[in-house]
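If you want the building blocks of each chain, they are given just below.
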Amino acid sequence: MQLEGSCHCGAVTFSLDCVHPYPYQRCYCSICRKTQGGGGYAINLGGDAKSLKVQGRKHITIYHARLKDESDKRSHRSSAERHFCSLCGSGLWLFSPQWPELIHPFASAIDTPLPVPPEHTHLMLGSKAPWVEVEAHPGDQQWEVYPEESIAQWHERLGLTR
């Protein structure tokens with residue numbers, strides 16, 4: 001499936017191929033919550049990095065989060081790149097050199113109608129804000145940190161690959 005996305009002001013538009021288009025994974029970490037999640041979480045999809053086409057690239061800015069574990073004396077810069085529109089601030093996608101074949105567009109930036117997921121995975125619940133209520137339904141998975149299955153494995157398990 002080809003996904004089309006954009007920022008709020010329209011200065012940046014993008015497209016990419018995605019074989020795993022269900023917006024099922026809700027991340028409650030402080031980075032996602034503060035950069036994307038007005039409801040206390042963000043939803044990332046998984047797309048083919050080679051297929052990414054961007055218009056308005058000059059309006060993109062990249063943010064590298066600062067990470068610090070309790071055991072660390074100092075914070076360090078994340079290698080993951082969060083891409084935003086420099087004009088309106090809309091979050092667009094995440095790229096991590098750990099998975100160079102993938103682009104993770106934020107579901108909130110996608111203009112293409114997305115399929116409704118049959119269940120959700122709630123992850124990074126150990127760092128969710130206290131005011132956030134997790135709206136878990138029967139069949140939803142909940143994880144303090146990361147789930148055991150990848151985005152691709154979730155789609156495969158539920159027979160949602162094309």
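For the protein chain, the name recorded in an unreviewed UniProt entry is GFA family protein, with Pseudomonas marvdashtae as its organism.

Participant: Would you mind going over the pattern of salt bridges with me for this structure?
Facilitator: Any two side chains of opposite charge can pair, so long as their charged atoms come close to each other. Using the criterion set out here, one finds 2 salt bridges in the structure. Between Arg157 and Glu119 there is a salt bridge whose closest N-O contact spans 2.6 Å. Here Glu119 lies in the loop between strand 12 (102–105) and strand 13 (121–123) and Arg157 lies in helix 2 (residues 151–157), a separation of 38 residues in the sequence. One salt bridge in this structure joins Glu149 and Arg157, with 2.9 Å as the shortest N-O distance. For Arg157, a relative accessible area of 42% gives the class partly exposed.

Participant: Where do I start with the side chain of His104 in this structure?
Facilitator: Looking at where His104 falls in the secondary structure, it is placed in strand 12. A distance of 2.8 Å separates a polar side-chain atom of His104 from the backbone oxygen of Leu45. Setting aside residues up to four positions removed in sequence, His104 forms contacts with Asn44, Leu45, Gly46, Trp93, Leu94 and Ile151.

Participant: Help me understand the state of the cysteines in this model?
Facilitator: Note: disulfide means a covalent bond formed between the sulfur atoms of two cysteine side chains. Following the criterion strictly, the structure yields 0 disulfides and no others. With no disulfide partner, Cys85 has as its closest neighbouring cysteine sulfur the one in Cys7, 3.7 Å distant.

Participant: Quick question: what am I supposed to make of the sheet that holds strand 1 (residues 2–6) here?
Facilitator: Sheet strands associate in pairs through backbone hydrogen bonding, adopting either a parallel or an antiparallel arrangement. With antiparallel pairing, 3 strands are arranged side by side in an open sheet as 1-2-6. Each having just a single partner strand, strand 1 and strand 6 (53–55) make up the two edges of the open sheet. In this sheet, neighbouring strand axes are inclined to one another by 15° on average, regardless of whether the strands run parallel or antiparallel.

Participant: Can you help me understand the nonpolar core in this one?
Facilitator: Here is a general trend for soluble globular proteins: nonpolar side chains tend to be buried in one another's company. By size, the foremost hydrophobic cluster in this structure holds 19 residues, and its most contacted members are Val12, Phe14, Leu52, Val54, Leu92 and Trp93. Listing elements by their share of this core, those giving two or more residues are strand 2 (13–17) and strand 11 (91–95). Looking at this core element by element, the count peaks at 3 residues for strand 11. Listed in part, the 8 residues of the second largest apolar core include Cys27, Cys29, Ile31 and Ala42.

Participant: Would you take a moment to explain the pairing of strand 1 for this structure?
Facilitator: Side-chain positions along a regular strand alternate between the two faces of the sheet. Where strand 1 and strand 2 come together, 5 bridges link them in antiparallel fashion. Looking at the pairing, Leu3 lines up with Leu16 of strand 2. Linking strand 1 to strand 2, which pair antiparallel, is a turn of 6 residues; within it Gly10 sits at a positive phi near 85°.

The rules behind the values
Residues numbered from 1 in each chain as written. Predicted model: local features only at pLDDT ≥ 70, side-chain atom pairs only at ≥ 80, totals over all residues. Heavy atoms only, no water. Salt bridge = Lys/Arg side-chain N within 4 Å of Asp/Glu carboxyl O. Helix = DSSP H or I, 4+ residues; strand = E, 2+ residues; numbered from the N terminus. Buried < 20%, exposed > 50% of the residue type's maximum accessible area, 1.4 Å probe, protein only. Polar contact = N/O pair within 3.5 Å; in protein donor to acceptor, adjacent residues only side chain to side chain. Contact = heavy atoms within 4.5 Å. Disulfide = S-S within 2.5 Å. Pairing = 2+ DSSP bridges. Axes fitted to C-alpha atoms, helices over the stretch in contact; angles between N-to-C directions. Core = buried A, V, L, I, M, F, W, Y, C linked by side-chain atoms within 4.5 Å.

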